[in-house]
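Spelled out, the chains give:
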Amino acid sequence: QVQLVESGGGLVQAGGSLRLSCAASGRTFSDYAMGWFRQAPGTEREGVSCISVSGNTKKYSHFVKGRFTIDRNSAENKVYLQMNNLEPEDTAVYYCAADVPTVQSMCDPSAYDNWGQGTQVTVSS
């Protein structure tokens, strides 16, 4: 019910910043919770951060807490992930997703059926 396109990835040195965006083309963007997930080679896809339909609830994985910030802009139909103080361990393909999960499952990739194609983030040391 929604099409998602990620952008903003790239190559950055450790300690640098990137801002990822996820553009949604569906009419019901405001009805979906949104999540950012990442997958490095040889690893499972893992939750990075997620945000509720209203934007009032935000969650972060322990490995990005204090460094990343998620936000959504309903007027733009976009969700953003501001990534600061990046580390080489953050290198992965980052995906955004949209669905109607419970708050408890909001950062679980298995709770989502609508995915973007991903954007590569590479952090060099």
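In this text the structure is predicted, and so the values were computed from the model without any measurement.

S.K.: So what about the overall build of the protein chain? Which residues, and what values?
M.R.: Across its full length, the protein chain carries zero helices and eleven strands. Against the compact-globule benchmark of 14 Å for 125 residues, the protein chain has a radius of gyration of 13 Å, which places it among compact chains. Sequence separation of 24 or more characterises 59% of the internal contacts of the protein chain that already satisfy a separation of 6 or more. As presented, the protein chain carries roughly 6400 Å² of accessible surface, and 45% of it is formed by carbon and sulfur atoms. Computed over 10 positive and 12 negative side-chain charges, the inter-centroid distance for the protein chain is 6 Å.

S.K.: Which residues make up the pairing of strand β5 (residues 46–51), and what values go with them?
M.R.: Taken across its six residues, β5 has five buried, putting it largely inside the fold. Where strand β4 (residues 33–39) lies against β5, five bridges are found, and the strand directions are antiparallel. Across the sheet, methionine 34 pairs through a bridge with isoleucine 51, a residue of β5. Between β4 and β5, which follow one another and run antiparallel, lie six residues, and glycine 42 among them has a positive phi close to 80 degrees. Bridging between β5 and strand β6 (residues 58–60) involves three bridges; their strand directions are antiparallel. Looking at the pairing, serine 49 lines up with tyrosine 60 of β6. Counted between consecutive antiparallel strands, the loop separating β5 from β6 contains six residues, among which glycine 55 sits at a positive phi close to 85 degrees.

S.K.: Lay out unusual backbone geometry with the relevant residues and their values.
M.R.: Residues other than glycine seldom take positive phi values, yet asparagine 77 does so here, at roughly 55 degrees. By relative accessible area, asparagine 77 is classed as partly exposed at 25%.

Definitions and limits used
Residues numbered from 1 in each chain as written. Predicted model: local features only at pLDDT ≥ 70, side-chain atom pairs only at ≥ 80, totals over all residues. Heavy atoms only, no water. Helix = DSSP H or I, 4+ residues; strand = E, 2+ residues; numbered from the N terminus. Rg over C-alpha atoms; globule rule 2.2 N^0.38 Å. Contact = heavy atoms within 4.5 Å. Areas by Shrake-Rupley, 256 points an atom, 1.4 Å probe, with all protein chains shown as cover. Lys, Arg positive; Asp, Glu negative; His and termini not counted. Charge placed at Lys NZ, Arg CZ, Asp CG, Glu CD. Buried < 20%, exposed > 50% of the residue type's maximum accessible area, 1.4 Å probe, protein only. Pairing = 2+ DSSP bridges.

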